[in-house]
Amino acid sequence: MRLLQTIGIVMEDEMLAAALAVPQISRLISSEETLQIRQYFYQAGSRAYPAWYLFGCRAKGVAGLVEQYLKQGYQVFLAPASLLQPKIGCQIIDVQFCGLSFSSYQALIHQKIQVLGYLPEKFSSKAVLAAYLKKNGGQRYLPAQQVYYQNSATILPSSKEGLYILKSPFGAAGRSGNGEHYTVWQRESLEKELPAVLAGLPEGEGVICSEFIITNDPYAAYADHVIHKMHFIGSNSYGTVCQRFIHRCDWQNLRKQGVLALPDFIGEPLITIGTVDQISEFYPFAAALAFQAGRIIYSADFMVPSDDIPRFLESNKLAATFAERFDQSMPAPIDAYAELRI
């Protein structure tokens with residue numbers, strides 16, 4: 001009789017606690033308990049969204065990672081990321097739902113544990129992502145930008161519109177790692193204030209100055225700031241449907257103030273879907289992102305100005321794992337990910 005292999009699904013502590021509907025979690029969840037929880041939670045569509053992609057949600061048509069691995073004949077247990085260590089007691093670890101340091105990854109591999117869902121921690125930096133994209137032949141898919149440090153020369157990158165955005169190399173959803181909003185600047189204001197901004201940076205910490213991309217999108221009533229979010233599974237884009245965040249910028253206020261926090265300038269988005277087929281260079285752009293290939297899900301945020309050449313903003317593994325589908329004709333991304341050959 002063949003012994004069942006065991007997969008440990010590892011999730012960030014707070015996210016796992018939310019999925020389990022408990023205040024905090026500080027222990028492993030056995031395979032028997034995981035099965036019981038999955039059977040109960042699958043019926044409850046009102047659960048917190050982390051539960052959807054772990055345990056599935058019948059109301060949303062999502063099987064979830066636990067069920068997909070059970071169907072493949074594996075025993076499945078759950079672990080908070082804080083308890084992940086090489087002797088955790090399984091043959092396979094799935095870290096799609098958490099970050100993993102390179103040293104921890106090496107330790108697991110050294111113990112002959114197969115690691116799924118791993119993306120090197122260095123890719124959490126926008127500056128590193130840009131450098132890898134450039135190295136992979138994707139220079140044309142980057143906005144004009146510069147990384148500054150405390151003692152950097154304050155020469156601005158080129159910008160046809162004379163408009164810039166300052167952002168931390170680490171952060172997401174328009175906020176830097178410290179929680180502060182990205183800021184949008186007119187050239188004259190930034191030239192005046194950039195020396196003071198750099199002087200206030202902690203030693204060794206950088207800031208990215210990028211041209212602010214204007215879209216004038218004919219597929220969004222000529223909106224001037226449209227962000228596309230596309231899922232990738234492994235090295236391939238997942239289908240042709242993307243999510244779009246459509247914004248209309250407050251030019252009058254920016255001209256008056258010279259600088260605005262990003263949400264004050266772009267306002268609340270209209271969130272809808274679109275397709276990438278009409279973007280002439282989407283697939284070469286996607287190929288240039290293949291340095292992130294692996295058994296992972298990630299999303300890439302990009303914009304398309306009037307020259308129809310995508311401009312890469314950032315990619316994010318954790319933000320891509322939610323179970324909602326942009327394309328209702330395809331399985332949820334987490335289900336498609338789970339079906340990839342191990």
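The structure we're discussing is the one just above.
Sequence order as written defines residue numbering, which begins from 1 separately in each chain. Only residues with pLDDT of 70 or above have their local features reported here, since the model is predicted, and side-chain atom pairs are shown and tallied only from 80 upward, although totals for entire chains, interfaces and linings are computed over all residues. Hydrogens and water are ignored here; the side-chain numbers use all heavy atoms of the structure.

**Description of the overall build of the chain**
Alright, step 1. Counting its secondary structure elements, the chain contains 11 helices and 17 strands.
Alright, step 2. For a compact globule the rule gives 2.2 Å times the number of residues to the power 0.38, and the radius of gyration it is set against comes from C-alpha atoms. The C-alpha radius of gyration computed for the chain amounts to 22 Å, which stays within 12% of the reference 20 Å derived for 342 residues, consistent with globular compactness.
Alright, step 3. C-alpha extents for the chain along the principal axes are approximately 70 × 45 × 40 Å.
Alright, step 4. The cut-offs for exposure are 20% and 50% of the maximum accessible area for each residue type, with area from a 1.4 Å probe on protein chains only; residues under the lower value are buried, those over the upper are exposed, and the others partly exposed. When burial is assessed residue by residue, the chain has 50% of its 342 residues classed as buried. Secondary structure elements follow DSSP: runs of H or I of four or more residues count as helices, runs of E of two or more count as strands, with numbering from the N terminus.

**Digging into the packing of aromatic side chains**
Alright, step 1. Under the pairing criterion, centres of Phe, Tyr and Trp rings, with the six-membered ring standing for Trp, must be within 6.5 Å; the plane angle then separates stacked pairs below 30 degrees from edge-to-face pairs above 60, leaving the rest tilted. Tallied over the entire structure, the rule returns 14 aromatic pairs.
Alright, step 2. Centre to centre, the rings of Tyr141 and Phe285 are 5.5 Å apart; their planes meet at 70°, and the pair counts as edge-to-face. With Tyr141 in the loop between helix H6 (126–135) and strand S5 (145–148) and Phe285 in helix H10 (residues 282–288), this residue pair connects regions lying 144 residues apart in the sequence.
Alright, step 3. Judged by centre distance (5.4 Å) and plane angle (65°), the ring pair of Phe212 and Phe265 falls under edge-to-face. Placement of the pair is Phe212 in the loop between strand S10 (207–211) and strand S11 (225–233) and Phe265 in helix H9 (residues 262–266), with a sequence separation of 53 residues. For the pair shown, Phe212 and Phe265 are each scored as buried.
Alright, step 4. Grouped by ring-pair contacts, the aromatic residues Tyr141, Phe282, Tyr283, Phe285 and Phe302 constitute a single cluster.

**Observations concerning the pattern of salt bridges**
Side-chain pairs of opposite charge can arise where the charged atoms are in close proximity.
Alright, step 1. Between Lys or Arg on one side and Asp or Glu on the other, a salt bridge is scored when a side-chain nitrogen of the former is within 4 Å of a carboxyl oxygen of the latter. This model, assessed by the stated rule, comprises seven salt bridges.
Alright, step 2. Between Glu67 and Arg38 there is a salt bridge; the shortest N-O distance is 3.5 Å. Linking Glu67 in helix H4 (residues 65–71) with Arg38 in helix H2 (residues 31–41), this pair joins segments that are 29 residues apart in sequence.
Alright, step 3. As a salt-bridge pair, Arg140 and Glu281 come within 2.7 Å of each other at their nearest N and O atoms. Note that Arg140 is positioned in the loop between H6 and S5 and Glu281 in the loop between strand S15 (270–275) and H10, a separation of 141 residues in sequence.
Alright, step 4. Among the residues examined, Glu281 registers a relative accessible area of 18% and is labelled buried.

**Things to note about helix H7 (residues 187–199)**
Alright, step 1. The length a helix should cover is 1.5 Å for every residue beyond the first. For H7, which comprises 13 residues, the first-to-last C-alpha distance of 19 Å matches the rise-based estimate of 18 Å (1.5 Å per residue) to within 8%.
Alright, step 2. Two axes enter the definition of the bend at a residue: one is fitted to the seven residues ending there, the other to the seven starting there, and the bend is the angle between them. Of all the bends in H7, the greatest reaches close to 45° and is centred on Glu193; the proline Pro195 follows between one and four positions later.
Alright, step 3. Those residues of H7 that sit buried are Leu190, Leu194 and Leu198.
Alright, step 4. In this analysis, two residues are considered to be in contact whenever any of their non-hydrogen atoms come within 4.5 Å of each other. Looking at the buried side of H7, the elements it contacts are S5, strand S6 (163–167), strand S9 (183–186) and S10.

**Considering the state of the cysteines**
Alright, step 1. Disulfides are defined as cysteine sulfur pairs within 2.5 Å. Under the criterion given, the structure shown has zero disulfides.
Alright, step 2. Summary of cysteine pairing: Cys98 is not part of a disulfide, and the nearest cysteine sulfur, belonging to Cys90, is at 12 Å.
Alright, step 3. Cys249 provides the cysteine sulfur closest to Cys242, a residue in no disulfide bond, and the two sulfurs are 18 Å apart.

**As for the sheet that holds S6**
By definition, the strands of a sheet pair up through backbone hydrogen bonds, in either a parallel or an antiparallel sense.
Alright, step 1. Strand pairing follows a simple DSSP-based rule, namely that at least 2 bridges must link the two strands. Taking strand neighbours across the sheet as the criterion, the five strands line up as S5-S10-S6-S9-S14 in an open arrangement whose pairing is antiparallel. This sheet does not close on itself; its edge strands, each paired only once, are S5 and strand S14 (259–261). Taking each pair of neighbouring strands and ignoring which way they run, the sheet shows an average axis angle of 20°.
Alright, step 2. The sheet contact formed by S9 and S14 spans three bridges and is antiparallel. What sits directly across from Val184, in S14, is Leu260. Only the stretch in contact is used when a helix axis is fitted, and all axes are lines through C-alpha atoms; the angle between N-to-C directions ranges over 0 to 180 degrees.

**Observations regarding the sheet that holds strand S3 (residues 92–97)**
Alright, step 1. Taken in spatial order, the four strands of this open sheet run S2-S1-S3-S4, and their pairing is parallel. Looking at strand neighbours, the two that pair on one side only are strand S2 (75–80) and strand S4 (114–116), the edges of this open sheet. Mean inter-strand twist for the sheet, computed between neighbouring axes without regard to direction, equals 25°.
Alright, step 2. Packing of helix H1 (residues 13–20) onto the sheet brings it into contact with strand S1 (6–11), S2 and S3, and relative to S2 it is tilted by some 120°.

**Remarks on H2**
Alright, step 1. All of the buried residues in H2 are Thr34, Ile37, Arg38 and Phe41. For H2, the angular spread of buried residues about the axis comes to 100°, placing them on one side. Opposite the packed face of H2, turned more than 90 degrees from it, sit the exposed residues Glu32, Gln36 and Tyr40.
Alright, step 2. Buried residues along H2 sit against H1, helix H3 (49–55), H4 and S2. The arc in question is the one spanned by the directions pointing from the helix axis to the C-beta atoms.

**Observations regarding the pairing of S11**
Looking down a regular strand, the side chains alternate between one sheet face and the other.
Alright, step 1. The buried fraction of S11 is high, at nine of nine residues.
Alright, step 2. Side-chain alternation along S11 places His225, Ile227, Lys229, His231 and Ile233 on one buried face and Val226, His228, Met230 and Phe232 on a second face that is also buried.
Alright, step 3. As judged from the five bridges shared by S11 and strand S13 (residues 241–247), these two strands associate in the antiparallel manner. In the strand pairing of S13, Ile227 is matched with Phe245.

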